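Reading the structure
Residue strings, one per chain:
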Amino acid sequence: MPELPEVETTRRGILRFVRQRTIQSVIVREPRLRWRVPTEFVNAAVGQQVRAIRRRGKYLLFDLELGSIILHLGMSGSLRVMPASSAPLAHDHVDIVLDSGLCLRFNDPRRFGCVLWTTDDPLEHPLLKSLAPEPLSAKFDGTYLARAAARRSVAIKQLIMNSQIVVGVGNIYASEALFHAGIRPRRGAGRLRREEFDALVAAIRTVLRAAIRSGGTTLRDYVNPDGMPGYFRQKLFVYERTGEPCRKCRTPIRHFVQGQRSTYFCPKCQR
Ligand SMILES: [Zn+2]
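The structure contained in this document is the topic of the report that follows. (Residues numbered from 1 in each chain as written. Predicted model: local features only at pLDDT ≥ 70, side-chain atom pairs only at ≥ 80, totals over all residues. Heavy atoms only, no water.)

**What to know about the coordination of the zinc ion**
Filter applied, for reference: For Na, K and Ca the donor cutoff is 3.2 Å, while for all other metals N, O and S atoms must lie within 2.8 Å; water is not among the atoms, so some sites may look incomplete. Only runs of H or I of at least four residues qualify as helices and only runs of E of at least two qualify as strands under DSSP, and these elements are numbered from the N terminus.
Taken together, the protein donors to the zinc ion comprise Cys246 (SG), Cys249 (SG), Cys266 (SG) and Cys269 (SG), at separations of 2.2 to 2.4 Å. Between consecutive donor residues of the zinc ion, the sequence gaps follow C-x2-C-x16-C-x2-C. With cysteine 249 in the loop between helix H7 (194-215) and strand E9 (254-258) and cysteine 266 in the segment after strand E10 (261-265), the pair connects residues that are 17 residues apart, well separated along the chain.

Structure (C-alpha coordinates):
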(Lines give C-alpha, C1' and ligand atoms only; values in the text may rest on other atoms or scores of the structure.)
Protein backbone atom coordinates (compact mmCIF):
# COMPACT_ATOMS: atom_id res chain seq x y z
CA MET A 1 0.00 0.00 0.00
CA PRO A 2 1.46 3.41 -0.83
CA GLU A 3 2.39 5.10 2.42
CA LEU A 4 3.05 8.76 3.10
CA PRO A 5 6.67 8.71 1.85
CA GLU A 6 5.62 7.09 -1.42
CA VAL A 7 2.89 9.67 -1.89
CA GLU A 8 5.35 12.47 -1.18
CA THR A 9 7.87 10.85 -3.55
CA THR A 10 5.17 10.72 -6.20
CA ARG A 11 4.35 14.39 -5.63
CA ARG A 12 7.97 15.41 -6.02
CA GLY A 13 8.45 13.11 -9.00
CA ILE A 14 5.54 14.41 -11.05
CA LEU A 15 5.75 18.07 -10.01
CA ARG A 16 8.08 19.32 -12.73
CA PHE A 17 6.05 17.63 -15.47
CA VAL A 18 2.71 18.95 -14.29
CA ARG A 19 3.15 22.37 -12.71
CA GLN A 20 2.23 25.29 -14.96
CA ARG A 21 0.96 22.89 -17.59
CA THR A 22 -2.52 23.29 -19.01
CA ILE A 23 -4.90 20.36 -18.95
CA GLN A 24 -5.89 19.55 -22.50
CA SER A 25 -8.30 16.73 -21.79
CA VAL A 26 -9.31 14.26 -19.14
CA ILE A 27 -9.96 10.64 -20.09
CA VAL A 28 -11.90 8.50 -17.63
CA ARG A 29 -11.90 4.87 -18.68
CA GLU A 30 -13.31 3.58 -15.40
CA PRO A 31 -15.20 6.00 -13.14
CA ARG A 32 -16.01 3.39 -10.50
CA LEU A 33 -13.18 3.98 -8.09
CA ARG A 34 -13.67 4.13 -4.33
CA TRP A 35 -16.00 7.01 -5.10
CA ARG A 36 -17.26 7.67 -8.59
CA VAL A 37 -15.08 10.06 -10.59
CA PRO A 38 -17.31 13.13 -10.91
CA THR A 39 -18.23 14.02 -14.48
CA GLU A 40 -18.15 17.75 -13.76
CA PHE A 41 -14.41 17.45 -13.08
CA VAL A 42 -13.77 16.22 -16.62
CA ASN A 43 -15.32 19.36 -18.08
CA ALA A 44 -14.19 21.83 -15.45
CA ALA A 45 -10.51 20.86 -15.50
CA VAL A 46 -9.98 21.19 -19.25
CA GLY A 47 -8.21 24.40 -20.24
CA GLN A 48 -7.00 25.08 -16.72
CA GLN A 49 -3.41 25.39 -15.63
CA VAL A 50 -2.05 23.31 -12.73
CA ARG A 51 -0.76 25.84 -10.22
CA ALA A 52 0.59 23.52 -7.52
CA ILE A 53 0.54 19.99 -6.17
CA ARG A 54 0.17 19.70 -2.43
CA ARG A 55 0.00 16.68 -0.15
CA ARG A 56 -2.18 16.30 2.92
CA GLY A 57 -1.85 12.92 4.60
CA LYS A 58 -1.94 10.50 1.69
CA TYR A 59 -4.05 12.79 -0.49
CA LEU A 60 -2.55 14.68 -3.41
CA LEU A 61 -4.16 18.02 -4.18
CA PHE A 62 -3.77 19.41 -7.67
CA ASP A 63 -4.61 23.09 -7.45
CA LEU A 64 -5.93 24.43 -10.74
CA GLU A 65 -6.80 28.05 -11.41
CA LEU A 66 -10.36 27.37 -10.29
CA GLY A 67 -10.83 24.21 -8.27
CA SER A 68 -8.71 21.32 -7.08
CA ILE A 69 -8.37 17.65 -7.92
CA ILE A 70 -8.22 15.46 -4.82
CA LEU A 71 -6.46 12.18 -5.56
CA HIS A 72 -5.76 9.20 -3.30
CA LEU A 73 -3.75 6.17 -4.41
CA GLY A 74 -5.77 3.81 -2.22
CA MET A 75 -4.30 0.34 -1.69
CA SER A 76 -2.72 -0.25 -5.07
CA GLY A 77 -2.78 2.99 -7.04
CA SER A 78 0.08 4.68 -8.85
CA LEU A 79 0.56 7.80 -10.92
CA ARG A 80 2.90 7.86 -13.86
CA VAL A 81 3.94 10.54 -16.31
CA MET A 82 4.07 9.23 -19.88
CA PRO A 83 3.40 10.24 -23.47
CA ALA A 84 -0.33 10.79 -23.87
CA SER A 85 -0.21 8.66 -26.98
CA SER A 86 1.04 5.53 -25.21
CA ALA A 87 -1.52 2.75 -25.19
CA PRO A 88 -3.33 2.30 -21.88
CA LEU A 89 -2.84 -0.95 -20.00
CA ALA A 90 -5.26 -2.76 -17.75
CA HIS A 91 -6.33 -0.66 -14.75
CA ASP A 92 -5.21 2.64 -16.31
CA HIS A 93 -8.42 4.32 -15.21
CA VAL A 94 -7.81 8.05 -15.61
CA ASP A 95 -5.52 10.17 -17.82
CA ILE A 96 -4.98 13.86 -17.26
CA VAL A 97 -3.59 14.98 -20.61
CA LEU A 98 -1.29 18.00 -20.55
CA ASP A 99 -0.41 20.50 -23.25
CA SER A 100 3.15 19.13 -23.28
CA GLY A 101 2.01 15.91 -24.94
CA LEU A 102 2.53 14.03 -21.70
CA CYS A 103 -0.21 12.72 -19.50
CA LEU A 104 -0.57 11.86 -15.87
CA ARG A 105 -1.92 8.33 -15.81
CA PHE A 106 -3.67 6.87 -12.78
CA ASN A 107 -3.52 3.08 -12.50
CA ASP A 108 -5.30 1.26 -9.69
CA PRO A 109 -5.99 -2.49 -9.94
CA ARG A 110 -8.00 -2.67 -6.73
CA ARG A 111 -9.85 0.63 -7.26
CA PHE A 112 -9.68 1.76 -3.63
CA GLY A 113 -8.16 5.03 -4.79
CA CYS A 114 -10.14 8.10 -5.77
CA VAL A 115 -10.10 11.10 -8.08
CA LEU A 116 -12.41 13.81 -6.79
CA TRP A 117 -13.04 17.44 -7.62
CA THR A 118 -13.82 20.48 -5.51
CA THR A 119 -14.15 24.18 -6.19
CA ASP A 120 -13.90 24.93 -2.46
CA ASP A 121 -10.79 24.85 -0.29
CA PRO A 122 -9.72 21.18 -0.59
CA LEU A 123 -8.43 21.22 2.99
CA GLU A 124 -12.05 21.80 4.05
CA HIS A 125 -13.29 18.81 2.06
CA PRO A 126 -15.06 16.24 4.31
CA LEU A 127 -12.31 13.68 3.64
CA LEU A 128 -9.53 16.05 4.66
CA LYS A 129 -11.09 18.42 7.15
CA SER A 130 -10.60 16.32 10.25
CA LEU A 131 -7.25 14.75 9.39
CA ALA A 132 -4.78 14.72 12.26
CA PRO A 133 -1.49 16.69 12.09
CA GLU A 134 1.20 15.89 9.55
CA PRO A 135 4.10 13.96 11.14
CA LEU A 136 6.64 16.31 9.56
CA SER A 137 4.84 19.47 10.70
CA ALA A 138 5.74 21.57 13.73
CA LYS A 139 2.37 20.75 15.28
CA PHE A 140 3.44 17.15 15.79
CA ASP A 141 5.90 17.27 18.68
CA GLY A 142 6.58 15.53 21.98
CA THR A 143 4.09 17.71 23.83
CA TYR A 144 1.35 16.92 21.34
CA LEU A 145 2.03 13.17 21.44
CA ALA A 146 2.27 13.10 25.25
CA ARG A 147 -1.11 14.83 25.47
CA ALA A 148 -2.65 12.45 22.95
CA ALA A 149 -1.31 9.49 24.93
CA ALA A 150 -2.27 10.70 28.38
CA ARG A 151 -4.13 8.08 30.42
CA ARG A 152 -4.46 5.80 27.39
CA SER A 153 -3.71 2.12 27.80
CA VAL A 154 -3.50 1.45 24.05
CA ALA A 155 -0.09 0.21 22.90
CA ILE A 156 2.23 2.98 21.76
CA LYS A 157 2.60 1.45 18.29
CA GLN A 158 -1.13 1.49 17.79
CA LEU A 159 -1.33 5.06 19.01
CA ILE A 160 1.18 6.36 16.47
CA MET A 161 -0.52 4.38 13.69
CA ASN A 162 -3.90 5.92 14.57
CA SER A 163 -4.66 8.42 11.82
CA GLN A 164 -6.77 10.45 14.22
CA ILE A 165 -3.61 11.16 16.25
CA VAL A 166 -1.12 11.65 13.40
CA VAL A 167 -1.48 10.89 9.70
CA GLY A 168 0.73 8.71 7.59
CA VAL A 169 2.69 6.58 10.06
CA GLY A 170 2.21 3.14 8.54
CA ASN A 171 3.34 -0.19 9.89
CA ILE A 172 6.88 -0.12 8.49
CA TYR A 173 7.57 3.38 9.75
CA ALA A 174 6.00 2.78 13.17
CA SER A 175 8.12 -0.35 13.69
CA GLU A 176 11.31 1.36 12.56
CA ALA A 177 10.69 4.55 14.56
CA LEU A 178 10.04 2.60 17.77
CA PHE A 179 13.31 0.76 17.25
CA HIS A 180 15.27 3.98 16.80
CA ALA A 181 13.59 5.49 19.87
CA GLY A 182 14.36 2.33 21.90
CA ILE A 183 10.72 1.78 22.84
CA ARG A 184 8.94 -1.58 22.81
CA PRO A 185 5.86 -1.54 20.56
CA ARG A 186 3.61 -3.09 23.20
CA ARG A 187 4.16 -0.49 25.93
CA GLY A 188 1.08 1.34 27.10
CA ALA A 189 1.04 4.78 25.45
CA GLY A 190 0.14 6.55 28.67
CA ARG A 191 3.14 5.10 30.51
CA LEU A 192 5.91 6.53 28.38
CA ARG A 193 8.20 9.12 29.90
CA ARG A 194 8.21 12.62 28.50
CA GLU A 195 11.66 12.23 26.93
CA GLU A 196 10.49 9.05 25.24
CA PHE A 197 7.74 10.97 23.46
CA ASP A 198 10.34 13.46 22.24
CA ALA A 199 12.62 10.65 21.08
CA LEU A 200 9.75 8.89 19.33
CA VAL A 201 8.62 12.01 17.47
CA ALA A 202 12.21 12.63 16.36
CA ALA A 203 12.52 9.02 15.22
CA ILE A 204 9.25 9.14 13.25
CA ARG A 205 10.45 12.24 11.43
CA THR A 206 13.88 10.76 10.71
CA VAL A 207 12.45 7.52 9.36
CA LEU A 208 9.89 9.26 7.16
CA ARG A 209 12.43 11.75 5.84
CA ALA A 210 14.88 8.95 5.03
CA ALA A 211 12.13 7.08 3.22
CA ILE A 212 11.19 10.16 1.21
CA ARG A 213 14.83 10.80 0.34
CA SER A 214 15.48 7.23 -0.74
CA GLY A 215 12.31 7.28 -2.81
CA GLY A 216 14.38 9.43 -5.10
CA THR A 217 13.21 11.96 -7.59
CA THR A 218 12.72 9.71 -10.58
CA LEU A 219 9.44 7.99 -11.16
CA ARG A 220 11.20 4.80 -12.12
CA ASP A 221 12.30 4.40 -8.55
CA TYR A 222 8.86 4.96 -7.18
CA VAL A 223 7.28 1.90 -5.55
CA ASN A 224 8.60 -1.51 -6.27
CA PRO A 225 6.04 -4.33 -6.13
CA ASP A 226 5.95 -4.53 -2.35
CA GLY A 227 5.11 -0.85 -2.14
CA MET A 228 8.32 0.44 -0.64
CA PRO A 229 10.61 3.04 -2.11
CA GLY A 230 13.35 1.22 -3.95
CA TYR A 231 16.35 1.90 -1.78
CA PHE A 232 14.66 1.89 1.57
CA ARG A 233 14.47 -1.81 2.24
CA GLN A 234 18.19 -2.26 2.75
CA LYS A 235 18.12 0.37 5.47
CA LEU A 236 15.42 -1.29 7.54
CA PHE A 237 16.46 -2.21 11.08
CA VAL A 238 13.60 -4.42 12.26
CA TYR A 239 10.77 -4.57 9.73
CA GLU A 240 10.49 -8.09 8.23
CA ARG A 241 13.83 -9.05 9.79
CA THR A 242 12.54 -11.76 12.17
CA GLY A 243 15.42 -13.95 13.38
CA GLU A 244 18.05 -11.78 11.70
CA PRO A 245 20.65 -10.09 13.92
CA CYS A 246 19.87 -6.59 15.18
CA ARG A 247 22.00 -4.10 13.26
CA LYS A 248 23.05 -2.51 16.56
CA CYS A 249 23.48 -5.38 19.05
CA ARG A 250 23.27 -8.63 17.01
CA THR A 251 20.34 -9.97 19.10
CA PRO A 252 17.84 -11.77 16.83
CA ILE A 253 14.90 -9.56 15.88
CA ARG A 254 11.56 -10.77 17.21
CA HIS A 255 8.13 -10.54 15.74
CA PHE A 256 4.54 -10.76 17.00
CA VAL A 257 1.10 -9.84 15.76
CA GLN A 258 -0.44 -6.68 17.15
CA GLY A 259 -3.80 -5.32 16.01
CA GLN A 260 -3.67 -7.74 13.06
CA ARG A 261 -0.38 -6.26 11.90
CA SER A 262 3.08 -7.76 12.20
CA THR A 263 5.30 -5.97 14.63
CA TYR A 264 9.08 -6.34 14.78
CA PHE A 265 11.43 -5.32 17.58
CA CYS A 266 14.82 -5.93 19.16
CA PRO A 267 14.35 -7.33 22.68
CA LYS A 268 17.62 -5.78 23.81
CA CYS A 269 17.61 -2.33 22.18
CA GLN A 270 13.94 -1.63 22.93
CA ARG A 271 12.65 -1.29 26.48
ZN1 LIG B 1 19.37 -4.60 19.24
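**So, the environment of leucine 4**
As a reminder, the rule being used: Residue contacts follow a heavy-atom distance rule, with two residues in contact if any of their heavy atoms lie within 4.5 Å.
Structurally, leucine 4 is set in helix H1 (residues 4-18). Along the primary structure leucine 4 and arginine 55 are separated by 51 residues, whereas in three dimensions their C-alpha atoms are 9.1 Å apart. Leaving out residues up to four positions away in the same chain, leucine 4 has contacts with Arg55, Gly57, Lys58, Glu134, Pro135, Val167, Gly168 and Ile212.

**What to know about the sheet that holds strand E2 (residues 50-56)**
As a reminder, the rule being used: Strands were regarded as paired on the criterion that DSSP finds at least two bridges between them. Only the stretch in contact is used when a helix axis is fitted, and all axes are lines through C-alpha atoms; the angle between N-to-C directions ranges over 0 to 180 degrees.
Ordered in space as E2-E3-E4-E8, the four strands form an open sheet in which the pairing is antiparallel. Looking along the sheet, the strands with just one partner apiece sit at the ends: E2 and strand E8 (114-118). Across the sheet, the mean angle from the axis of one strand to that of its neighbour is 20°, orientation sign disregarded. Bridging between E2 and strand E3 (residues 59-64) involves six bridges; their strand directions are antiparallel.

**Re the nonpolar core**
Rules: As used in this record, nonpolar core signifies buried Ala, Val, Leu, Ile, Met, Phe, Trp, Tyr and Cys residues forming a set joined through side-chain atoms within 4.5 Å. Note on exposure labels: buried denotes an accessible area under 20% of the residue type's maximum, exposed denotes more than 50%, and partly exposed covers the range between, all computed with a 1.4 Å probe on protein chains only.
Residues Leu145, Ile156, Ile160, Leu200 and Ile204 are the most contacted members of the largest nonpolar core, which totals 36 residues. Looking at this core, the elements with two or more residues in it are helix H4 (142-149), helix H5 (156-160), helix H6 (171-181) and H7. With eight residues, the single largest contributor to this core is H7. Contact partners of leucine 200, with chain neighbours within four places excluded, come to Leu145, Ile156, Ile160, Ala177, Leu178, Ala181 and Ile183. The next biggest cluster of nonpolar side chains, apart from the first, holds 27 residues, and it includes Ile23, Val37, Ile96 and Leu104.

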